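# Examining the three-dimensional arrangement
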Amino acid sequence: MPMSVIRLARYTPADRDEITGRAADPFGTAGTGLIWRDKDVHFGVRHDGRLVAHAGLVETSVSAGDGDPVRVAGLGGVVVAPEVRGQGLARLVVTAATEHARRTGAEFGLLFCWPRLVPVYERLGWRVSAGGTRVEQPGGAVDMPLRTMWTPLAEDATWPSGSVRLLSLPM
Ligand SMILES: CC(C)(COP(=O)(O)OP(=O)(O)OC[C@H]1O[C@@H](n2cnc3c(N)ncnc32)[C@H](O)[C@@H]1OP(=O)(O)O)[C@@H](O)C(=O)NCCC(=O)NCCS
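## Comments concerning the pattern of salt bridges
This structure, assessed with the given rule, holds seven salt bridges. Between R50 and E83 there is a salt bridge, and its shortest N-O distance comes to 2.6 Å. In this pair, R50 sits in strand β3 (residues 50–63) while E83 sits in the loop between β4 (70–80) and α2 (89–104), placing the two residues 33 residues apart along the sequence. Using a relative accessible area of 27% as the deciding quantity, one classes R50 as partly exposed. Its salt-bridge partner being R71, residue E59 comes within 3.7 Å of it at the nearest N-O pair. Separated by twelve residues along the polypeptide, E59 in strand β3 and R71 in strand β4 bring together distant segments of the chain.

## Quick word on the nonpolar core
With 33 residues, the main nonpolar core has L57, L75, L89 and Y121 as its most contacted residues. Mapped onto this core, the elements with two or more residues apiece are β2 (41–47), β3, β4, α2, β5 (108–113) and α3 (118–123). It is α2 that contributes the most residues to this core, six residues altogether. Those residues in contact with L57 that lie beyond four places of it in its chain are K39, D40, V41, F43, A73, G74, L75, A97, H100 and A101. The next biggest cluster of nonpolar side chains, apart from the first, holds 16 residues, and it includes F108, V135, W150 and A157.

## As for the layout of surface pockets
Volume-wise, the largest pocket comes out at about 1100 Å³. In this structure, the largest pocket is lined by 41 residues; those nearest its centre are F27, G76, G77, V78 and V79. Contributing elements (two or more residues each) for the lining of the largest pocket: α1 (13–20), β4, α2, β5 and α3. Broken down by element, the residue count for the lining of the largest pocket peaks at six residues, all from β4. Residues of the lining of the largest pocket, tallied by class, amount to 23 nonpolar, nine polar and nine charged.

## Quick word on the pairing of β4
Across the eleven residues of β4, nine count as buried, placing the element largely inside the fold. Looking at chain direction, β3 and β4 are connected through nine bridges and run antiparallel. Residue A53 lies in a different strand from β4, and its bridge partner there is V80. Following β3, the chain reverses through six residues before pairing antiparallel with β4; G65 in that reversal takes a positive phi of roughly 55°.

## Concerning unusual backbone geometry
Backbone geometry places R22, a non-glycine residue, at a positive phi of 65°. In this structure, R22 sits in the loop between α1 and β2. Of note in the backbone geometry, D156 takes a positive phi value of approximately 50° without being a glycine. Among the structural elements, D156 can be located in the loop between β9 (147–152) and β10 (164–166).

## Considerations on the site of the ligand
In the vicinity of the ligand, 19 residues are found, and the nearest of them are V78, V80, G86, G88 and R91. Taking G88, its main chain carries an N or O atom lying 2.8 Å from an oxygen atom of the ligand. At 2.9 Å, a side-chain N or O of R123 approaches an oxygen atom of the ligand. In this structure the site holding the ligand corresponds to the largest pocket. Counting residues per element, the ones that place at least two in the shell around the ligand are β4, α2, β5 and α3. The element best represented in the shell around the ligand is α3, accounting for four residues. Here the shell around the ligand is composed, by residue class, of 13 nonpolar, three polar and three charged.

What counts and what doesn't
Per chain, residues are indexed from 1 in the order of the written sequence. In view of the model being predicted, local features appear only for residues whose pLDDT reaches at least 70, and side-chain atom pairs are presented and counted only at 80 or more, with totals across whole chains, interfaces and linings using the full set of residues. The side-chain values count all of the structure's non-hydrogen atoms but skip hydrogen atoms and water molecules. Any carboxyl oxygen of Asp or Glu within 4 Å of a side-chain nitrogen of Lys or Arg constitutes a salt bridge here. Secondary structure is summarised from DSSP: a helix means a run of H or I of at least four residues, a strand means a run of E of at least two, and numbering begins at the N terminus for each. Between buried and exposed lies partly exposed: a residue is buried under 20% and exposed over 50% of the maximum accessible area for its type, with that area taken using a 1.4 Å probe on protein chains only. Nonpolar cores were defined as sets of buried Ala, Val, Leu, Ile, Met, Phe, Trp, Tyr and Cys residues, with membership established by side-chain atoms within 4.5 Å. Two residues form a contact once any of their heavy atoms are found within 4.5 Å. Cavities and pockets are found on a 1 Å grid laid over the protein atoms alone: a cavity is a set of points where a 1.4 Å probe fits but cannot escape, a pocket is an open set with protein on both sides within 12 Å along at least five of seven lines, and a lining residue has an atom within 4 Å of such a point. Grid points are joined across faces, edges and corners, and a volume is the space filled by probe spheres set on the points. Residues were grouped as follows: Ala, Val, Leu, Ile, Met, Phe, Trp, Tyr, Cys and Pro as nonpolar; Asp, Glu, Lys and Arg as charged; and all remaining residues, including Gly, as polar. Here, a strand pair is defined by DSSP locating no fewer than two bridges between the strands. Whether a residue is near a molecule or strand depends on its heavy atoms: it is near if one of them lies within 4 Å of it. Polar contacts, as used here, are pairs of N or O atoms within 3.5 Å; protein pairs need one atom able to donate a hydrogen and one able to accept it. Residues neighboring in sequence count only if both atoms are side-chain atoms. For this analysis, a molecule is said to be in a pocket or cavity if more than half of its atoms are within 2 Å of the grid points defining it.

As structure tokens, then:
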């Protein structure tokens, strides 16, 4: 049965549990000790009334070298219910989020993921940022241990070649 993506009015921890089946650490990031940002805009897929996929967005910015901060749309919380993975649902919610972000005027989409997921996002048009990324944490900026990936949202947007700094908590 074809499934369609919808904008969610909100996305709570209970909604996430509905997708993951209450997995304790669905993103495998608990061991990093990082503090993450909540997302502001949410897209999801429901199947037979159950939420089975989600992607969230939050506006933030990055700086590189001495350059002015650049507006980016942070993508996070991408998760699909284990029983329906491999059916294109991540593509559906990530594409909806990316298209929304393009309309907000952000220059790039930005996300963080483990290396094993890089091929998934590459299939969706994202690229690995070659330099390192510093991100904010309550005690000050730290190196992001996950891969940084970006996608252009504006015409002729060119991602910096060196290291970048996210001017907020990561998402
Ligand atoms: C990562 C995750 C969201 C993918 O969801 P999914 O619904 O299975 O992904 P899709 O079926 O939409 O696949 C998206 C694309 O990636 C490709 N892909 C999927 N797994 C892949 C892999 N291991 N290697 C290469 N490509 C892969 C698919 O073929 C598809 O590309 P295509 O449409 O061109 O064929 C899902 O596995 C998940 O919820 N994982 C746990 C939570 C998590 O780690 N989230 C990511 C946080 S960054």
